[in-house]
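Okay, here's what each chain looks like letter by letter:
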Protein chains: 2
Amino acid sequence: MSKYITAGLIGYGTVGKGVVKILENNQKIVVRKVGKPIKIKSISDLNPIDKPELYVKNFKDIIKDPEIDLIIELVGGYEPARTIIIESLKSGKNVVTANKAVLAKYWDQIFITAQDYKKSIYYEASVGGVIPVVQGLNEGLAAEEIFEIKGILNGTTNFILSKMTKEGLAYEEALKSAQMAGFAESNPSFDVDGIDTANKLAILASLAWGSWIKVKNIAVKGIADLNIKDVLLTKRMGTIKLIGSAIKTKNGIDLSVCPCLIDKSSAFSTVENEYNAVFIKGKDSGDVLFYGKGAGQGPAASAVVSDIINLSKFIVTNTAGIVTDVIYDRKKKIKILPSGQSKSAYYLRFTVVDKPGVLSKISGILGANKVSIASLSQPNIKQGDYADVIIITHETSLSHLETALRQINALKSIVKSKPVKIKIEK
Amino acid sequence: MSKYITAGLIGYGTVGKGVVKILENNQKIVVRKVGKPIKIKSISDLNPIDKPELYVKNFKDIIKDPEIDLIIELVGGYEPARTIIIESLKSGKNVVTANKAVLAKYWDQIFITAQDYKKSIYYEASVGGVIPVVQGLNEGLAAEEIFEIKGILNGTTNFILSKMTKEGLAYEEALKSAQMAGFAESNPSFDVDGIDTANKLAILASLAWGSWIKVKNIAVKGIADLNIKDVLLTKRMGTIKLIGSAIKTKNGIDLSVCPCLIDKSSAFSTVENEYNAVFIKGKDSGDVLFYGKGAGQGPAASAVVSDIINLSKFIVTNTAGIVTDVIYDRKKKIKILPSGQSKSAYYLRFTVVDKPGVLSKISGILGANKVSIASLSQPNIKQGDYADVIIITHETSLSHLETALRQINALKSIVKSKPVKIKIEK
């Protein structure tokens, strides 16, 4: 038997470099836990790398290498990531990945291939950065009937929202600040439009309910059009966070990603900067919360190396892939609640002509659509002939509310701009 | 191959009954995850049980039963729990236990036996109730060099402290209230004296640093002599919680269990009632926090059943015990810091004669022992000729502080009672 676990790394960006560094620094820990060292034999990347002796131009040569036990996929995105994972499994390699996009999109294909070829795929780093929530949900709460999963699942958006809340920066400035700090990409759409959060939510929901829950079933709204005015106006009530939420109702699973106003008493309201948090509610467990860094080289790479170590313990004993990592029933049908059916309270802001009768008009339309008002206020910020009206609703169905907002928005003579609507999380 | 995973349950108290109930209610989840049902064939307990058809008087008959794959030990305490676990492993059974006392005391014997007989022992429920922190530390943070572990690890004491803080109840009344709620035993010493917390801390520390860290190395102080006066006097600064703490310093691991004053900004200050929380700091991971119910039938039984499910996945595939659960090097020597060497700030309360010169005497003794004062106040509560003096110190070594307090306590003419000292957690 080989003296090493031999790994091939495909994708040598920030996280890939972190993985190599941690493996080098922590060989003692690795040997103590795995029984032998883990050696990265080859690294593939689009660009030449700082370790030319390990560089392999074509990732296919790494997948074909019979000496390699384990492929670490850190390419990100859909392709060639999907090909790398599928071909690795088919070539008898075990896989570690941090790629939520490819998992959420090809869940079925990836885990069926792993099962068919009796290989393991570990992906703890794909959700929640360093937080061990995949394992926590899949194993720690294995006995549970899961009722709810809610999470701050994207470090980039949480960093931006923290900057807006604490420093009063507008979205564009806060984004720039996140880019400077290395927490946002030059094209930030994947993060700020909520797609990344939706991918992670899809993974957690699929694990929780044992069936592939697709991203297309999730109503997704990002933070790019969030107005700093609303961040500041809601500050007394709580904090705005981008929340991915999956709730089991008697009619189906309700899935959404959107900016939500979080009450000050909630643990989520203290999750700042690049930190993530995941809240899970089970029938017998009650509430469980996980918290830790969701972005950054150290946390992400640490989660990948933990997977490499845990998987290597099975590779060493020739038992990797025997126990299925994801228990997943292709035939199990899960009902998904159509978006707009679940009820919530909302923060609404209308910018309207500042004259008598306008308030009664707005509240009349809300009332006619069964949207009941919990409070109404007019902050003292005039904008020419216009003024803001803030309304907090009682619990209401999203579809009723949206009908009402469409009708109000059609009153061109009194409404200056599209009404703002932010969900309030209990 | 058998149509079932066949388990024997030894110990049929609150948690044992919860385990049977969850297994019955969640057979669908079990079958989906394990591939076949888990059947409890026999139950042993000192007293007759409500399922006479499963009752076996002598637990040894369960351990000897060749049909049984898995022993669930829920007896608690040291004996016969130790015998049950060791004999089960030697008889080729895998074991699930929630017993922190026996694990902390016989760590060496238990895990060496498991290794020798190639059997598995799962014990997630032994620490933090439903929180999957054993696995989180052992696997989720496998790659990490661990710097710090801090936890609210005992639901009973946290329930009592919550009652004292929120309702102003004295310790004895709060204890009674915990007993009524089912969160404290009639003899509460194990919980309130900090022994339970110390056992759990020893388990986490042993996992974190790969060596058996014994309870006797932990300086332990419970909550039984905590005065409601100090709970109320510190309320503006924070909340008093029983904290188990293990910190890696350059001179060794510093281990302690004691009531600590937690700053309001800390996540720990929001952990109420029977909830537990564990904070872990790693080199690359940064801060990770786990939170959930630490006591109660549902949460404890849920954690046990999750272990049963996870272990059964390996039993089904004949791979249980091949990968070692606890990587533990008998020869590895870990330095433990003698208690009193680590530095902290402290809250001190002196009840002294209310006349000039007393304050300068006390502060003089503190100063002479290198204990520097951050603030000093005299709350307006006279007690005859006596008054309270509250001192918050800067960071100081415990041994210096204790010398000073002994000297002050010796001033019988001015000091009414033993000075109160509560560690302040940053």
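Description of the structure in this document. (Residues numbered from 1 in each chain as written. Chains lettered and ligands numbered in written order. Predicted model: local features only at pLDDT ≥ 70, side-chain atom pairs only at ≥ 80, totals over all residues.)

The next subject is the packing of helix α6 (residues 133-140) of chain A against helix α10 (residues 195-209) of chain A. Any two packed helices are characterised by how steeply their axes cross, that is the angle between the axes, and by the distance between the axes. All names here are of chain A. Their axes nearest at 9 Å, the elements α6 and α10 cross at an angle of 15 degrees. Classified by the interaxial angle, the pair formed by α6 and α10 is roughly parallel. Both α6 and α10 take part in a crossing whose hand is right-handed. Residues V134, L137 and N138 of α6 touch α10, and the partners they reach there are L204, L207 and A208. Its residues assigned to classes, the contact of α6 with α10 shows 5 nonpolar, 1 polar and no charged. (Axes fitted to C-alpha atoms, helices over the stretch in contact; angles between N-to-C directions. Helix = DSSP H or I, 4+ residues; strand = E, 2+ residues; numbered from the N terminus. Parallel < 35°, antiparallel > 145°, perpendicular 65-115°, else oblique. Left-handed = near helix turned anticlockwise from the far one by under 90°. Contact = placed C-beta atoms within 7 Å. Nonpolar A, V, L, I, M, F, W, Y, C, P; charged D, E, K, R; others polar.)

Membership of the largest hydrophobic core comes to 270 residues, with the highest contact counts inside it found for I72 and V304 of chain A together with I72 and V304 of chain B. When residues no more than four places from it in sequence are discounted, the contact partners of I72 of chain B are A7, L9, I10, V19, V96, V304 and I308 of chain B. (Core = buried A, V, L, I, M, F, W, Y, C linked by C-beta atoms within 7 Å. Buried ≥ 20, exposed ≤ 12 C-beta atoms within 10 Å, placed from the backbone.)

Turning our attention to the pairing of strand β17 (residues 420-425) of chain A. Pairing of strand β9 (residues 252-263) of chain A with β17 of chain A, which is carried by 3 bridges, proceeds in the parallel orientation. Note that in β17 of chain A the partner of C260 of chain A across the bridge is K423 of chain A. (Pairing = 2+ DSSP bridges.)

Residue and element names in this part refer to chain B. The parallel open sheet is built from 5 strands, whose spatial order is β2-β1-β3-β4-β5. Both edges of this open sheet fall to β2 (38-44) and β5 (121-122), since each of them pairs with a single strand only. Where strand β3 (residues 70-73) lies against strand β4 (residues 94-97), 4 bridges are found, and the strand directions are parallel. Bridge pairing links I72 to V96 in β4. Packing of helix α4 (residues 81-90) onto the sheet brings it into contact with β1 (5-10), β3, β4 and β5, and relative to β3 it is tilted by some 170 degrees.

On to the interface of chain A and chain B. Each side of the interface is counted separately: chain A has 48 residues, and chain B has 48 residues. For the side of chain A that touches chain B, the element with the highest residue contribution is helix α12 (residues 297-316) of chain A, accounting for 10 residues. When grouped by side-chain class, the residues that make up the side of chain A that touches chain B number 21 nonpolar, 16 polar and 11 charged. Where strand β11 (residues 286-293) of chain A meets strand β11 (residues 286-293) of chain B, 5 bridges bridge the pair, whose relative direction is antiparallel. Bridge pairing links F290 of chain A to F290 of chain B in β11 of chain B.

All names here are of chain A. Strand order across the open sheet formed by 5 strands is β2-β1-β3-β4-β5, with parallel pairing between neighbours. Of all strands in the sheet, those bounded by a partner on one side alone are β2 (38-44) and β5 (121-122). The pairing of strand β1 (residues 5-10) with β2 spans 6 bridges and is parallel. Across the sheet, residue L9 finds its bridge partner in β2, namely I43. In this fold helix α1 (residues 14-25) packs onto β1, β2 and β3 (70-73), with an angle of close to 155 degrees to the strand it touches most, β2.

Further remarks concern the relation of the copies chain A and chain B. You can overlay chain A on chain B at an RMSD of 0.0 Å; the transform is a turn of 180 degrees with a shift of 0.0 Å along its axis. Viewed as a symmetry operation, the transformation between the two copies matches a two-fold axis. Looking at the rotation axis and the C-alpha trace of chain A, the residue lying nearest is F290 of chain A, at 2.4 Å. When you check the interface residues of chain A against chain B, 100% turn up at the interface there too, and the contact is symmetric in its surfaces. (Least-squares fit on C-alpha atoms with pLDDT ≥ 70 in both.)

On to unusual backbone geometry. Following E79 of chain A, the chain continues into P80 of chain A via a peptide bond in cis, with omega recorded as 5 degrees. Within the secondary structure, P80 of chain A is located in the loop between β3 and α4 (81-90). Positive phi, close to 50 degrees, is recorded for K118 of chain A, a residue that is not glycine. K118 of chain A sits in the partly exposed class, given 13 other C-beta atoms within 10 Å. The residue K370 of chain B is not glycine, and still its phi comes out positive at about 65 degrees. With respect to the helices and strands, the residue K370 of chain B is situated in the loop between α13 (358-368) and β13 (373-377). We classify K370 of chain B as exposed; it has 12 C-beta atoms within 10 Å.

Any functional reading would require information beyond the geometric quantities listed.
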